[in-house]
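Structural overview for review
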Amino acid sequence: MAEVKRASAVGNGFSFVGGVAGLVMYLVVALKASLMYGGAAGVSIVHGLGMAGPEASIASRLIIWIGMLLGALATAAIMIILGAVFGALLYGLVGPRKGGAGEGS
Amino acid sequence: MRFVLALTFLAVTAWPASAQEVDPADEEMVDDLFAEGGDEDAEEEAEEEPSEEAGDEGADTGAPEGEPKPVTSAEDCASCHGGIFDARNLAPDVHADQTCLHCHPGRMDPHEAPDLPPDMQALADRLEGVEGMKPKTIAACWKCHDEEVEGWLDSAHGPEGMVEKTGEAPTCLTCHGDPHFMPPAFDDKREAVVQCASCHAFSGEEGKPETNPYVVDTWRDTVHGRLLRLGNDDAAACTDCHGGSHAVRSDQNPRSSIHMDNRAETCGNCHEGASPSFARAVSHEPPKVNHDLWAALVSVFFSILTFGTIGLLLLHVGLDLFRSLRGNGQSHAASAQAPVHRDDEVKRFDIHARMQHWGMMISFTTLVITGWPLKTAAVGQSSGLIEAMGGPQNVALIHRIAGALLIAVAVYHLAYLVVGISQKKIKLTMIPVMKDARDIAGNILYLVGVRKERPRFGRFTYYEKFDYWAVFWGMLIMGGSGLMLWFPVPTSAVLPGETLELARIAHSDEAMLAALAIFLWHFYNVHLRPEIFPMSWVWLTGRISAEALYEEHREEYIARYGDVPPAELGAPRPWHRKAAWSVLGLASVLGIGIGVALADMEELKGSIHELVTPPEPPAETVTPPSPDPPFNPDKVTMPEAYSVQDCLTCHDKDIYDTGGRFPHFYHYDDFFVGEMDKPACTQCHTVEWHDTNAVDRKLCLDCHSEETVDKYEDRPRVEEEIETDDLW
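Since the model is a prediction, treat every value here as computed from it, not as a measurement.

Parameters at a glance
- Positions within a chain are numbered from 1, following the residues in the order the chain's sequence is written.
- Lettering of chains starts at A and numbering of ligands starts at 1, both following the order in which they are written.
- Where local features are concerned, this predicted model is filtered to residues with pLDDT of at least 70; where side-chain atom pairs are given and counted, the filter is 80 or more; whole-chain, interface and lining totals use all residues.
- Hydrogen atoms and water are omitted, and side-chain values are computed over all heavy atoms in the structure.
- Here a strand is any run of E in DSSP of at least two residues, a helix any run of H or I of at least four, and the numbering for each starts at the N terminus.
- Partly exposed describes any residue whose relative accessible area lies between the buried limit of under 20% and the exposed limit of over 50%, with all areas from a 1.4 Å probe on protein chains only and scaled to the type maximum.
- By definition in these notes, contact holds between two residues if any of their heavy atoms fall within 4.5 Å.
- Areas reported here follow the Shrake-Rupley algorithm with a probe of radius 1.4 Å; residue values treat only the protein chains shown as occluding.
- Each patch is assembled from residues with relative accessible area greater than 30% and no salt bridge, linking like charges that lie within 9 Å and nonpolar side chains (Val, Leu, Ile, Met, Phe, Trp, Tyr) that lie within 5 Å.
- Any Lys or Arg side-chain nitrogen found within 4 Å of a carboxyl oxygen on Asp or Glu counts as a salt bridge.
- Definition of nonpolar core: a set of buried residues of the types Ala, Val, Leu, Ile, Met, Phe, Trp, Tyr and Cys, connected through side-chain atoms within 4.5 Å.
- Whenever a nitrogen or oxygen atom comes within 3.5 Å of another N or O atom, the pair is scored as a polar contact, on the condition that within protein one atom can donate a hydrogen and the other can accept it, and that pairs from neighbouring residues in sequence are kept only if both atoms are in side chains.
- In this tally, Lys and Arg are treated as positive and Asp and Glu as negative; His is ignored, and so are the chain termini.
- We put the charge of a Lys on NZ, of an Arg on CZ, of an Asp on CG and of a Glu on CD.
- The predictor reports its confidence for every residue as pLDDT, a score running from 0 up to 100.
- Stacked, tilted and edge-to-face are the three classes assigned to paired rings of Phe, Tyr and Trp, where Trp is represented by its six-membered ring and a pair needs centres within 6.5 Å; plane angles under 30 degrees give stacked, over 60 edge-to-face, the rest tilted.
- Criterion for a charge above a ring: Lys NZ or Arg CZ within 6 Å of the ring centre, and within 35 degrees of the ring normal.
- Arc, as used here, means the arc of the directions from the helix axis to the C-beta atoms.

**Topic: the overall build of chain A**
The helix and strand tally for chain A stands at two helices and one strand. Put simply, chain A runs from its N terminus to its C terminus through helices and strands in the order β-α-α. Evaluated residue by residue, chain A yields a buried proportion of 50% over its 105 residues. In chain A, once contacts between residues fewer than 6 apart in sequence are set aside, the share between residues at least 24 apart is 70%. Surface accessibility of chain A: about 4,800 Å² in total, with carbon and sulfur atoms responsible for 70%.

In structure tokens, the structure reads:
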């Protein structure tokens with residue numbers, strides 16, 4: 001039977017706090033830039049598809065707005081995950097060791 | 001008699017005085033001449049019968065006009081053109097250390113055509129008669145800038161080139177501005193680009209050249225335009241490829257730097273070893289079906305691929321999120337014979353797999369962060385982001401290092417597979433099989449609520465396989481195109497130069513697809529799902545919880561522990577594992593984002609609009625920027641005139657006695673008899689430079705009764721015209 005170890009709830013707490021910190025950082029620092037970059041991605045798609053500009057086509061506007069939304073989500077995701085990673089790394093450095101419930105089963 | 005003496009004196013002294021600064025001693029001399037008092041009789045006679053006496057007087061004086069004083073110094077010029085001197089003091093002038101005669105030689109007679117030196121005259125003769133040309137001005141420029149002017153002469157901008165086509169040609173002054181207050185030449189490539197764009201971005205319009213209207217936009221989209229925008233001053237601009245600033249020749253001209261036979265050499269100035277094939281990589285034509293079919297097809301392909309793929313992935317993410325929040329409604333009976341607890345962990349990835357993932361994660365993230373600003377160079381934040389990362393050259397270096405790391409990780413993984421498979425430690429469980437297609441259908445039905453249970457996945461789910469093979473695809477595209485762009489000269493030696501443009505399109509568009517797929521799709525599946533949030537530890541520890549193994553890889557769990565659920569499966573989760581947190585995070589991101597978008601709609605719309613339609617260059621030729629306000633001759637004033645001699649610098653002395661014209665003659669001798677404290681001219685005329693407004697009748701009423709004014713109002717007035725054009 002494969003080796004089994006009991007997980008640590010403290011580690012999850014560290015990563016959770018780190019993730020929240022990443023989310024806050026995103027909202028404070030990168031929100032507007034992510035919207036702009038997402039919009040740029042949408043513009044790139046519109047140009048690539050040979051569509052008319054946003055003033056002339058509602059489909060173009062929709063694509064650009066979707067791009068803005070995706071840019072916001074993607075940047076938020078990466079910053080949340082980076083924050084969670086930092087939290088996990090911090091837990092690895094300073095957190096209590098696992099094994100409170102013993103190893104194996 | 002005194003009056004005649006005064007006139008004679010003035011005739012002798014006033015005219016030469018007009019060509020030099022007023023000597024206060026002259027004024028005092030005149031005052032002293034009549035200091036004993038005036039000839040009252042002469043005054044009365046002049047006042048009562050001005051016309052006859054004035055005419056007689058004027059005829060009797062016959063004051064010689066005299067020859068104009070030769071212009072031998074700047075001071076001589078200032079006597080008439082003082083405004084230019086003032087202007088040069090107001091605005092920076094690159095020719096500030098040059099005197100007037102340096103550019104205006106041969107001005108012995110200031111009102112005659114200059115007598116140019118033979119070499120300058122030859123150039124002026126060459127340009128004589130060409131529409132829009134100022135031969136003597138260009139000859140003056142040629143005196144010091146012969147290389148530039150001669151380069152311009154037979155260029156596409158020169159008289160022998162452009163005039164034949166459009167009827168007019170840009171001259172030195174077109175780009176460099178007024179020669180009297182000319183700022184230093186463009187020392188920033190961006191300014192030079194704006195200057196070129198002021199004509200070439202409006203091709204086809206009135207007064208603009210009939211050239212390719214896409215030159216500016218297409219250059220802006222190239223790596224050269226993007227890099228220059230981001231602060232890399234080594235990036236090629238117009239003057240780098242088109243023979244400098246002056247010798248810009250048509251591509252049909254064999255001497256042109258952009259002639260097909262010369263392009264490789266031109267590109268080789270920056271790209272050592274460039275071949276004619278390499279030179280074909282750059283085009284000022286946008287990718288269109290009728291021009292560059294392959295580029296157009298590749299661009300459309302990647303756009304459809306990105307739009308379609310991300311759309312489907314997001315749909316899947318949305319369905320999974322809401323299904324997770326609803327819960328699966330299953331209850332698991334507690335089993336006393338559960339082999340493991342739900343939080344117990346089993347090994348899933350060995351150290352090699354985790355190291356490969358670390359390398360992939362670091363390199364991919366670095367590539368996205370360093371590459372995205374180049375792709376979106378038009379976004380204002382990009383240049384700031386580049387600066388924050390150390391400047392364009394450093395960012396390019398980091399990007400290449402990360403790319404090399406990514407390739408190294410790929411090689412590591414291939415070696416890991418080969419060794420592992422040969423040692424039978426690794427099974428080919430990542431290969432897509434027919435079961436995956438059934439799993440896709442089954443999972444979609446589960447997500448939409450038709451089925452109550454998820455399909456039983458094996459070691460790798462279909463979306464994990466998608467992640468893996470998408471990276472394989474991305475590695476081929478990004479790695480291949482990246483290497484082509486990293487080594488463009490060797491690439492063009494093997495492949496046609498046009499493939500570099502295809503590589504650029506593929507690299508740019510695939511990067512966007514990969515970034516969105518990883519940050520939205522992959523991150524959600526492994527970290528942001530409510531059951532997992534905030535983070536999965538598998539990639540760090542290599543171990544997976546029994547619960548996750550049971551829920552997501554049921555077949556593998558059964559193979560390990562049998563078909564018995566882990567202990568406490570379905571029990572309430574700790575506070576940080578509740579789905580509400582992921583919902584809260586997602587809602588806050590969406591809410592804040594939408595709120596900002598709605599609140600700052602106009603600015604965002606404006607920013608997006610700028611991305612779609614970059615700001616147009618000015619339609620008028622741009623004069624290099626000057627830190628001082630532009631010169632306004634209307635604001636330049638002469639110093640307060642202290643004597644009539646100041647006014648005589650421009651106005652002929654005869655204005656006072658020519659035919660007894662009203663009202664000058666009557667007031668003329670008032671100055672000499674001391675009846676008026678102030679100089680006669682400024683009593684009625686303002687000191688505004690070149691004030692040509694007629695004297696208001698009200699001014700006369702300041703000193704004279706209305707009856708007197710009415711008496712002389714119908715007398716012939718002073719008529720004089722001064723040519724002011726030559727002064728500027």
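**Remarks on a nonpolar patch on the surface**
All names here are of chain A. On the surface, a cluster of nonpolar side chains totalling about 450 Å² of accessible area is made up of V20, V24, M25, V28 and V29. Within the fold, V29 resides in helix α1 (residues 9-48). Judged by relative accessible area, which is 56%, V29 ranks as exposed.

**Focus on the nonpolar core**
Residues Y26 of chain A together with I310, L516, F519, F523, L528 and M535 of chain B are the most contacted members of the largest nonpolar core, which totals 60 residues. At the level of secondary structure, the elements contributing two or more residues to this core comprise α1 and α2 (58-94) of chain A together with α18 (293-326), α19 (351-375), α23 (462-486), α25 (498-528) and α26 (538-541) of chain B. If one sorts the elements of this core by residue count, α2 of chain A sits on top with 17 residues. L516 of chain B has contacts with L70 and A74 of chain A together with I310 and W521 of chain B, leaving out every residue within four places of it along the chain. Listed in part, the 16 residues of the second largest apolar core include A124, I138, A139 and C141 of chain B.

**Topic: the side chain of S256 of chain B**
All names here are of chain B. Along the chain, the position of S256 falls in the loop between α15 (238-241) and α16 (263-268). Reaching out from S256, the side chain makes a polar contact with the backbone nitrogen of I258 at a distance of 3.1 Å. With residues near it in sequence (within four places) discarded, S256 still touches R249, S250, D251 and N262.

**Observations concerning a negative patch on the surface**
The grouping of D146, E147, E148 and E150 of chain B at the surface amounts to a negative patch. Relative to the elements of secondary structure, E148 of chain B occurs in helix α9 (residues 146-153).

**Digging into α9 of chain B**
Along α9 of chain B, the residues that are buried comprise V149, G151, W152 and L153 of chain B. For α9 of chain B, the secondary structure elements touched by its buried residues are α7 (118-127) and α8 (135-144) of chain B.

**Points about the pattern of salt bridges**
Residue and element names in this part refer to chain B. Within the structure shown, the criterion is met by 19 salt bridges over all chains. Close ionic contact of R255 with D154 constitutes a salt bridge, the shortest N to O distance being 2.6 Å. Taken together, the residues R255 in the loop between α15 and α16 and D154 in the loop between α9 and α10 (162-166) connect sequence positions 101 residues apart. Exposure remark for R255: the relative accessible area of 52% places this residue in the exposed category. Connected through shared salt-bridge partners, R348, R459, E464, E556 and R560 make up one network.

**Observations concerning the confidence of the model for chain A**
All names here are of chain A. The predicted model of chain A has a mean per-residue pLDDT of 75, with 78% of residues at 70 or higher. The least confident element of chain A is strand β1 (residues 5-6), whose mean pLDDT is 59; the most confident is α2, at 82. Taken together, the stretch residues 99-105 has pLDDT below 50 and engages in seven contacts with residues farther than four places along the chain or on a different chain.

**A closer look at the confidence of the model for chain B**
Note: predicted coordinates in regions of low pLDDT should not be interpreted at a detailed level. All names here are of chain B. Per-chain confidence: chain B averages 73 in pLDDT, with 63% of residues scoring 70 or above. Low confidence marks residues 1-64, where pLDDT is under 50. Its contacts with residues over four positions away, or in another chain, come to 73 contacts. Counting contacts from residues 624-642, a segment whose pLDDT is below 50, to residues more than four positions away or on other chains yields 40 contacts. This complex was scored by the predictor with a pTM of 0.69 and an ipTM of 0.72.

**A closer look at unusual backbone geometry**
Residue and element names in this part refer to chain B. Although it is not a glycine, K424 sits at a positive phi angle of roughly 60°. Within the secondary structure layout, K424 lies in the loop between α21 (392-422) and α22 (434-447). When its relative accessible area of 73% is taken as the criterion, K424 is described as exposed.

**What about the packing of aromatic side chains?**
Residue and element names in this part refer to chain B. Under the definition given, this model contains 18 aromatic pairs over all chains. A network of ring pairs unites the aromatic residues F457, Y462, Y463, F466 and W521 as a single cluster. One cation-aromatic arrangement involves R323 over Y446; the distance from NZ or CZ to the ring centre is 4.2 Å. One cation-aromatic arrangement involves R554 over Y550; the distance from NZ or CZ to the ring centre is 3.9 Å.

**Points about helix α28 (residues 554-561) of chain B**
All names here are of chain B. If you check which residues of α28 are buried, you get R554, E556, Y557 and Y561. End-on, the buried residues of α28 take up no more than an arc of 160°, which puts them together on one face. Looking at the buried positions of α28, the neighbouring elements they touch are β1 (344-347) and α27 (546-552). Remark: G562 follows α28 within two positions and exhibits a positive phi of approximately 85°.

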